[in-house]
Structure formats: structure tokens, C-alpha cells
Amino acid sequence: MNDLDINQVNYLIDPANCHNPIYIKGCDTNDLINYLKMMMMIRKVEQKLAIGRRDGFIGGPVHLGVGQEAIAVGVSGSLTCDDRIFGAHRSHSHLLALNPDPYRLFAEVLGKVTGFSRGMGGSMHLWDGPSGFYGSVPIVSGTVSLAVGAAMAARLQKTNHIAVAYFGDGAMEEGVVHESLNLARIQESPVLFVVENNLFASHMHISLRQPSDMQSRFAVANHIPYKLADGNDVVAVKNAASELITHSRNGQGPGFLELITYRWYGHVDWRDDIDVGVHRSLDDVDNWRMRDPVTRLSKAMIEQGIWSAEEEKKLISMLDNQISDAWEKAMNDSYPDESATLNCVYEI
Amino acid sequence: MILKVKKQNYGTAICSAFEYLLEKYPEVFVIGQGLWSPWYVGNSMTDLDKKFGVERIIDTPVSESACTGAAVGASLSGMRPILVHPRMDFMLYAMDAVVNQAAKWSHMFGGQAHPAVTIRSIINRGGEQGAQHSQALHSWFAHVPGLRVVMPSTVKDARDLLIASVLCNDPVIYIDDRWLYEQEDDLPPIEELSLAAQGPACLRKGADITLVGSGFSTYLANKAAEILGKQAVSVEVIDIRILNPFDASLIIESVERTGVLLVVDLGWRNSGFAAEVIARVTENVGTDVLKCRPRRITLPDAPAPTSRALESRYYTSTDEIINTVKELLS
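Residues numbered from 1 in each chain as written. Chains lettered and ligands numbered in written order. Predicted model: local features only at pLDDT ≥ 70, side-chain atom pairs only at ≥ 80, totals over all residues. Heavy atoms only, no water.

Residues and elements named next belong to chain B. Taken as a whole, chain B is organised into domain 1 (6-196) and domain 2 (201-329). Placing the centre of domain 1 and that of domain 2 at their C-alpha centroids yields a distance of 26 Å. At the junction of the two partners, domain 1 supplies 32 residues and domain 2 supplies 28 residues. Summing both partners gives a buried area of about 2200 Å² for domain 1 against domain 2, and 58% of it is carried by carbon and sulfur. (Domains from an automatic or database assignment. Contact = heavy atoms within 4.5 Å. Buried area = accessible area lost by both parts, 1.4 Å probe.)

The structure is reproduced here in C-alpha cells:
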């Protein structure tokens, strides 16, 4: 770990920085449009979930990642449906970036049989095997070692598929993550560890939990190549992820991607004015809103002349309709049959 | 049909199951600590690394938690891993992967994904090893819906239930006991069984009392029944074999005939598996069936002591079982 990296972390965790449009020169226009559409769709889906939770339609907790959309979208740009992707408690974006189907996510969160997990999982337990999403769970760090095993399997199966483990800076404090980094390195497992460092574990700021804000120091300790990037810059995320993923696909073992970001809502549910947390203020939140991954991309594209305010307006209207229809449809779906409680315990 | 019979002991029977699975199923691999050691797991895995290569027989860092999680993850990716915990006590580091992940995966995701992982956990006690080298936690695992819990007591089951466990798509905790390793038997050729179709088995027919055990306690129960048989006491011995999901119907039916129930379990007493057996029977037999109160022999509710003077009294014996049977029948 060198001084430059620590300076970069210090720069990125200061919300006064990085408010400008992102750097997109040389990027494929269609890719950029797709990133923008995807991020806006994910944002709007989560905002719909926030309202659904507030208004009592959703009975269980929802952990919203509004503000963090660039990460899932940027990483997924280098993934295929043969890869094995594992999430955590804040994983709506991870799934939607692989399978942009708001309807099935809404149905799942509402506990309907048409949902991604057939109504048995809700917001915190999502699965979509066909798109490569092998599961998300709310036990912090619960899937990190599973991703290492999925990567070991990919190697034993002599494929170039990889596994991805999304987790946060809080999970970094769990012992099994350190075991997993070590195991992945010693086994040369093709797994990408994606740390969404949003500076908070529930209410606790990272400065109250760790002696350094920099999560990549654990990659260094385990001889795993790492990249550190602005998690609110979809192009930076895409480029960093792509390099590490290529390296894993080529048989070079694991990679570690640390992305500095911030969530706009509290740890759970729809409010930003409660659960603000220790060392977290509404001023901070407002500052971080200035580093909005969606606006920064949109402005950059408009500046480059490859996007316009009219097109964005049309996109917003299209997404609003799509999401509203998906919600209505999901609301009208059926709940799982009573037999599901006992029938899903074992394979039948 | 003439069956080819092969003399094996419990340990070599387990080894032959590994060989069978590794030869026939390319998706099977083995991971755990000590797998490249010639002595870690007795004679139950000898030379597997040499026969099948260190890529499929993976000795690991000292990381029970990550290795168990990795086995679960591999099992979700088309593989059938066998995870080996050479001593159950150390497996407690891996409880999240077992209880929160493997056991719940099918249910949380609506039956769409199944961790086809087998976790072989070895009970290795006695010899003044003490509290952290002695535990038998089968009752814990049996409490968790989603896990299949298998405890073979016979040489044949040691081999065939391991194969059935690995071929099953659900997570299985396969528990073998080092005290059983020297048992010998003539085994017929391997037959692939469906684990879901397995349940308790009657090892010895009898009319006077139903004696129930699992793993090593079944072995003791059988010995006691043999001795009692010579004294004209007719003991029916039932081996539980599958603790979760638990089908008690064979035991209930047996007690309906004998009217007397003794359960022997080498786990602790409080909330232990013996209590579950007695509860199932008393819930289900007619009110006039039981000739006396059901009884259980278990470990005392204390960690295993190290001193040989205490240790020898901590575990039960055939004598204690014989005396208890006689007491119940008197």
C-alpha cells in the first residue's frame, strides 16, 4: 500500500470532492446510454420501494442503495450469465443490473409467488440463477466464502467463469472475509471481491470501527491485486472491474475492488432524517447528493453532445410508466401457496 | 444372484465410498483440513490425494468457516463437495455457513437452488482429550430444518449412507464416530440409495423392550442386546440412522408391541435427541401401551472431563444399558 492510495481514499471520502461530470471520453455511446438507463431504472425502483414501505404495502425491511447505483451497473458490464454473483442485504441493484426486471423484484419484496424467489425471500433474500445471481442474504459477509467456493468450482470445471462477492466495509470486519481472501489467493480462485465502502455499517462511521478507512489494505495483506475507484463514477467502476475480471478469467486468481460511495437513506427503509448515524449529518447527505452517479453521467453525456435533456425527459417518463405498471401488476399477484412453508425445506 | 462379499471395517468402508464417488462422479471433490496427512482421519481416507490428485482432494488453510462456506458455494455451482471436519468441535467456527446458509438456501429462494454439499463431521473422543476434543453435537444439527443429519452405526451404512448423502441434493451432515472404526463386516457390492427414502432401521428383532440408539450408542445397544439375549431377554434394537428429518414411525410401531422404551444417546441430556425420541413415542402410542415410564441414558449435562478417573464414568457402557433394561423389565 503506498501513500498515493491513502491520499486517494482521503480525497474520495470527502464529500466536497467529485461533484463534476465524470470523464467519458473514448467510451462507447451505447454503453453509456445503457449505464444511464440502468442506473435511473434502479434508482426509480428503489424509490418506489421506499414509498411502498412508507405507505405500508411492504411489510418487511428494505435496505436501499440509492446513491450507490454506479457500482452494480459498472461491475455487471463485464459479467455474463455464466458467472456466479453473490450479494448481501443491500442487493436490489446487484440483481437488477443483471436482470432488469422491476416487476419480479417488486413481486418478491411484496411476498408474491411471481417474485424472483417465488415469494419466499423478500427484499433480503434474492435469487435469479439464470442471470447468474446466485443469491443475496442479510447475514453480513454471509456469501463471501460462498463466492470463493463458486470460483473454486469454476476452476475445477475448467471454465473461465468467475464469481463475484459484493459486500460492504462493515463485512470487512467479519473474520470469515479474511479467511476467504486468504483461501481465494492460495487456491487461485477466480473471484472478484467488490467492497462497496459507503463509510457506514448501520449507524457506525468507519472511523469508529477501523484504524484506516482503506479497505484495500486487506488485499495487500493477502497478495491480491486491487483497484480503488470512485464508486459514484460508473465508467471508473467499469474500467477497474473489467481489468480485474479479465485477470481472473485468464487464470490469475482473485481480484479486489474497493469503491468509495455513500447511501442517501438510512441503513434501512426510506428515511434520511432518522438513522442518520454517528458521525453522519444531513449536511453530509446533501453534499453526497452532489456526487450523484446518475447526474454526473447524464451531464457528461449532454456536454459531449451524445444525450439531451429531451431524451432524458422521455426516458424518465418511460421508466415511470414501466415501474408503475410493474408495481400494479405485482400488487395484484398471488401469495405463495400455504404448502410452500414446508415444501421448500428440502428438495422434493 | 450371487453377491460378491468384501470384508471391511468401518474406516475402510468410508474410504471405499470416497473412492466410488470420486471415480464415478467428476463433480465430487473433497475439502478439509488434514486431507494430505496420513493419520488425520484414521484409515478412512488413506491415499485419496495420491489416487485422485490434490486438485480434487484439497487440504486447506486453518479456516473452518471459509472452507465450509466455499463448499456450500461450490455446491451451488454444479459440484458435489464433501467437506471434512476431522473433529466436530472445530466445526463450530463454521456455523453460519451450515445453519444460516446451507440449511436455509432452498427455502429462502423458493426451492430453486439446492446446496448439494455433504459435511462429514467426525466425533473423536476419549483418551483424556477433554472438553474441546470430545463433543457430539448431532442433536444441534437435528434441530435445524433444511439439514439432513445422518449417523451411520454399521459398516455398511458407513459406506452406503455416505454415498447416498453425496448424491442427495440437500445439505447433509454425515457424522461418524472414531469409536466405531474397528467394527468389521462382510459387505455386498455398493448400491446407490436415495437418502430421502432412508430412516431408522431395526437391527435386531425382539419382544420385551425397544432399545434405540444412534452411531456409537447403537453399537453399545447391540452389544447389550446380545448379552441380554443369552439371558432370555428379548431386545429389539433400532438404529436411528437419520436424525433429520426424523421419521419415528418404526420406533412407535415397535413400542406398540413391546410397551417398553429405552433410548441411548451419547449426546447431552437437556434438549438432546433422546428427548425427541421419547416425545415422539409418547405423543403417538395409545395411553395403555407403555408398561413403564420411558427411560434415556445420555451423557451427563457437563463437558467431557479429561482425567481418566472422571472420563471413564462420563461415558455409558453396555453394563449400564443391561442394568437399565433389567430394571425397566422388573
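Within a sheet, neighbouring strands are paired by backbone hydrogen bonds and run either parallel or antiparallel to one another. All names here are of chain B. Here five strands make up an open sheet; going across it, the order is β9-β11-β10-β13-β14 and the pairing mixed. In this open sheet, the two edge strands, each paired with only one partner strand, are β9 (201-204) and β14 (295-299). Across the sheet, the mean angle separating the axes of adjacent strands is 25° when strand polarity is ignored. By the bridge criterion, five bridges tie strand β10 (residues 209-213) to strand β11 (residues 235-239) in an arrangement that is parallel. Its bridge partner being in β11, G213 is matched across the sheet by D239. The strands touched by helix α9 (residues 273-284) are β10, β13 (261-268) and β14; relative to β13, the strand with the most contacts, the crossing angle is about 155°. (Pairing = 2+ DSSP bridges. Helix = DSSP H or I, 4+ residues; strand = E, 2+ residues; numbered from the N terminus. Axes fitted to C-alpha atoms, helices over the stretch in contact; angles between N-to-C directions.)

We now examine the sheet that holds strand β8 (residues 255-260) of chain A. All names here are of chain A. Taking strand neighbours across the sheet as the criterion, the six strands line up as β2-β1-β3-β4-β8-β7 in an open arrangement whose pairing is parallel. The sheet terminates laterally at β2 (133-136) and β7 (226-230), the two strands that pair on one side only. Direction aside, the axes of adjacent strands within the sheet are offset by 15° on average. Here helix α6 (residues 144-156) sits on the sheet and contacts β1 (84-87), β3 (163-168) and β4 (191-197); the angle it forms with β3, its principal contact strand, is near 170°.

Moving on to the pattern of salt bridges. By the definition in use, this model includes 29 salt bridges over all chains. Across the pair D169(A) and R209(A) runs a salt bridge whose closest N-O atoms are separated by 2.6 Å. In this pair, D169(A) sits in the loop between β3 and α7 (175-187) while R209(A) sits in the loop between β6 (204-205) and α8 (217-221), placing the two residues 40 residues apart along the sequence. By relative accessible area, which is 1% here, D169(A) ends up buried. By relative accessible area, which is 19% here, R209(A) ends up buried. In the salt-bridge network here, residues are joined through shared partners; they are K205(B), E236(B), E253(B) and R257(B). (Salt bridge = Lys/Arg side-chain N within 4 Å of Asp/Glu carboxyl O. Buried < 20%, exposed > 50% of the residue type's maximum accessible area, 1.4 Å probe, protein only.)

Residue and element names in this part refer to chain A. Topologically, Y226 is positioned in strand β7. Note on Y226: relative accessible area 21%, which makes it partly exposed. Taking the C-alpha atoms as reference, Y226 lies 13 Å from N239; in sequence the two are 13 residues apart. Here the side chain of Y226 touches D5 through a polar contact of 2.5 Å, side chain to side chain. (Polar contact = N/O pair within 3.5 Å; in protein donor to acceptor, adjacent residues only side chain to side chain.)

Moving on: the environment of A302(B). Residues and elements named next belong to chain B. Here A302 shows up in the loop between β14 and α10 (308-314). On the basis of relative accessibility, which here comes to 30%, the residue A302 falls in the partly exposed class. Each C-alpha atom of the pair A302 and S249 lies 31 Å from the other, and the pair is 53 residues apart in sequence. Excluding its chain neighbours within four sequence positions, the residues that come into contact with A302 are W268 and Y314.

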